[in-house]
Amino acid sequence: MRKILTVGHFLNADFQSACAKHLGRIRETFFAWPGVLSCRPAPDFTPELRARMIADLRWARANGIELDTLYNCNCYGDNAISQELADFVGKNMREMDAEGLMPDVVTTTSPFVATVLRKDFPSVKIRWSVNQRVHGSVGFESVLELFDSFYVSREHHRDLVYLQDMRRWARAHGKTIGLQANSGCLRQCPFQTFHDNLHGHNRIAQSKIGEAFGFSVFRCKTNYDRGNYEDFLRATWIRPEDMPRYEPYVDSVKIATRRHPDPVKVLDAYAANTYHGNLADLMDPAHTFPKSFDNDSFGKSLIWPNVLNCREANNCKHCGKCAALMKEVFK
């Protein structure tokens, strides 16, 4: 198995001991530097937590794990194109460098941040975030000078023909590609850009205000609370056991663990390409259902390959395959 995983840095478990078991599989760790908003709520970086994070990142670098820092919000408000944002990015990069942690990669949604980095930190590789939602090579051709790698569209993660085509295009243009394995988001979630934008502000406070209006930013949770559990099967996640199908076509596989309630479980499963338990527990967000999506049952099912390879996944005709699969795996 390849050194391919990109693991989100986590603070709710022992990062170093969890990663030490899988050094042959972990390529990178991604993180938001203290003070930088990203597409997950930031912890309260006390001096103790900051010191712990720095120690973890130093350990990662010493053990051959590259560092990928994030500027992946979709909204920077009035500072989206500004000297203030350019200075902020530069200040953070110099802080990391002073700690011996100059990133190898910066993942961003901002073409402006990419431009600043190209000019001021030319040795750093720039990655187009999965939150850009660029679905094919046409979307990248006009900005070739701004990035070195990119995440493929979540909605096409399971499409081997798409991955082969994107891999071929990337190599021809000197780029590398990655995918995210454990997204718990709905396929084509209509709230996703709106949700990501909130992370550039005080998402937690705004979510609480929304509750007063009977509004939840988590359309996935609302959808599942209505009993639409088949939509979990229609999503874009990839089972650990199915990863060997996709790994030959990508250079990195992102697993979302930064805010996951059990990041070690997620890391262990995708490092080993094996998991026994409720598949929903590996996803970010980790959904709670009235029954378990038994991962072992997927491997035994004759229906699952048809769902996995469905060519109509983005324009579902509700043909009945997912309903039939539910009877086998939702226990």
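In case you missed it, the structure is sitting above this.
Residues numbered from 1 in each chain as written. Predicted model: local features only at pLDDT ≥ 70, side-chain atom pairs only at ≥ 80, totals over all residues. Heavy atoms only, no water.

Caption draft 1: The arrangement of the layout of surface pockets in detail. There is about 760 Å³ of room inside the largest pocket. Around the largest pocket, the lining is made up of 38 residues, and of these Arg40, His195, Phe218, Asp284 and Pro285 lie nearest the centre. Those elements that provide at least two residues to the lining of the largest pocket are helix H7 (192-198), helix H8 (203-212) and helix H9 (219-225). The biggest single contributor to the lining of the largest pocket is H9, with five residues. By residue class, the composition of the lining of the largest pocket is 17 nonpolar, 10 polar and 11 charged. (1 Å grid on protein atoms, 1.4 Å probe; cavity = no way out; pocket = protein on both sides within 12 Å on 5 of 7 lines; lining within 4 Å. Points joined across faces, edges and corners; volume = space filled by probe spheres on them. Helix = DSSP H or I, 4+ residues; strand = E, 2+ residues; numbered from the N terminus. Nonpolar A, V, L, I, M, F, W, Y, C, P; charged D, E, K, R; others polar.)

Caption draft 2: Structural detail: the packing of helix H3 (residues 83-98) against helix H4 (residues 111-120). At their nearest, the axes of H3 and H4 sit 10 Å apart, and the two run at 55° to each other. When the interaxial angle is binned, H3 and H4 end up oblique. Helix-helix and strand crossings are classified by hand; for H3 and H4 the assignment is right-handed. Judged by residue contacts, Leu85, Ala86, Val89 and Met93 of H3 engage Phe112, Val113, Val116 and Leu117 from H4. Looking at the contact of H3 with H4 residue by residue, the classes come out as eight nonpolar, no polar and no charged. (Axes fitted to C-alpha atoms, helices over the stretch in contact; angles between N-to-C directions. Parallel < 35°, antiparallel > 145°, perpendicular 65-115°, else oblique. Left-handed = near helix turned anticlockwise from the far one by under 90°. Contact = heavy atoms within 4.5 Å.)

Caption draft 3: Fine view of the side chain of Asn72. Its place among the elements puts Asn72 in the loop between strand E3 (66-71) and H3. On the basis of relative accessibility, which here comes to 3%, the residue Asn72 falls in the buried class. Setting aside chain neighbours within four positions, we find Asn72 in contact with Ser38, Cys39, Thr107, Thr108, Thr109, Ser129 and Asn131. (Buried < 20%, exposed > 50% of the residue type's maximum accessible area, 1.4 Å probe, protein only.)

Caption draft 4: Spatial organisation of the pairing of strand E4 (residues 105-108). Of the two faces of E4, the one holding Val105 and Thr107 and the one holding Val106 and Thr108 are both buried throughout. In this sheet, E4 lies alongside E3 in parallel orientation, the contact comprising four bridges. What sits directly across from Thr69, in E4, is Val106. Read as a crossover between parallel neighbours, the route from E3 over H3 to E4 is right-handed. Bridge count between E4 and strand E5 (residues 125-128): four bridges; the pairing is parallel. (Pairing = 2+ DSSP bridges. Right-handed = clockwise from strand over helix to strand, strands pointing away.)

Caption draft 5: Seen up close, the pattern of salt bridges. Following the criterion strictly, the structure yields 22 salt bridges and no others. Asp104 is the partner of Arg61 in a salt bridge, and the nearest nitrogen-oxygen pair spans 3.0 Å. Here Arg61 is found in helix H2 (residues 47-62), whereas its partner Asp104 is found in the loop between H3 and E4, with 43 residues between them in sequence. On the basis of relative accessible area, Asp104 is assigned to the partly exposed category, the value being 25%. One salt bridge connects Arg118 with Asp148, and the closest N-O pair in it is separated by 3.1 Å. Taken as a pair, Arg118 in helix H4 and Asp148 in the loop between helix H5 (138-141) and strand E6 (149-151) lie far apart in primary sequence, 30 residues in all. (Salt bridge = Lys/Arg side-chain N within 4 Å of Asp/Glu carboxyl O.)

Caption draft 6: H2, seen in detail. Its 16 residues place the ends of H2 22 Å apart at the C-alpha level, agreeing with the 22 Å of an ideal helix rising 1.5 Å per residue. Buried residues along H2 sit against helix H1 (15-20), strand E2 (26-31) and E3. (Expected span 1.5 Å × (residues − 1).)

Caption draft 7: Broad picture of a nonpolar patch on the surface. On the surface, Phe194, Ile209, Phe213 and Phe215 cluster together into a nonpolar patch covering about 450 Å² of accessible area. As for its position among the elements, Ile209 is in helix H8. Since its relative accessible area comes to 52%, Ile209 is described here as exposed. (Patch = residues over 30% accessible without salt bridge, like charges linked within 9 Å, V, L, I, M, F, W, Y side chains within 5 Å. Areas by Shrake-Rupley, 256 points an atom, 1.4 Å probe, with all protein chains shown as cover.)

Caption draft 8: A look at unusual backbone geometry. Note the cis peptide between Asp284 and Pro285, where omega equals 0°. Phi angles above zero are rare outside glycine, and Asn273 is one such case at about 55°. Inspection of the secondary structure assignment puts Asn273 in the loop between helix H12 (263-272) and helix H13 (295-300).

Caption draft 9: Layout of the environment of Asn309. Following the sequence through the fold, Asn309 ends up in the loop between helix H14 (304-308) and helix H15 (321-329). Given a relative accessible area of 37%, Asn309 falls into the partly exposed group. For the pair Asn309 and Ala272, spaced 37 residues apart in sequence, the C-alpha to C-alpha distance is 23 Å. At 2.9 Å, the side chain of Asn309 and the backbone oxygen of Pro305 are in polar contact. (Polar contact = N/O pair within 3.5 Å; in protein donor to acceptor, adjacent residues only side chain to side chain.)

Caption draft 10: Layout of the sheet that holds strand E1 (residues 5-8). The parallel closed barrel is built from eight strands, whose spatial order is E1-E2-E3-E4-E5-E6-E7-E8. Taken over all neighbouring pairs, the strand axes of this sheet differ in orientation by 25° on average, direction set aside. The sheet contact formed by E1 and E2 spans four bridges and is parallel. Note that in E2 the partner of Gly8 across the bridge is Phe30. H2 contacts E2 and E3 of the sheet and is inclined by roughly 155° relative to E2.

Caption draft 11: Inspection of helix H6 (residues 160-172) at higher detail. A rise of 1.5 Å per residue sets the reference length of H6, with its 13 residues, at 18 Å; its end C-alpha atoms lie 18 Å apart and thus fit the reference within 8%. All of the buried residues in H6 are Tyr162, Leu163, Met166, Arg167, Trp169 and Ala170. Taken down its axis, H6 places every buried residue within 165° of arc, on the same side. Across from the buried face of H6, at angles greater than 90 degrees, the exposed residues are Arg168, Arg171 and Ala172. A side-chain oxygen of the first residue of H6 lies 3.1 Å from the backbone nitrogen of Val161; this N-cap is Asp159. Positive phi shows up at Gly174, right after H6, with a value of about 70°. (Arc of directions from axis to C-beta.)

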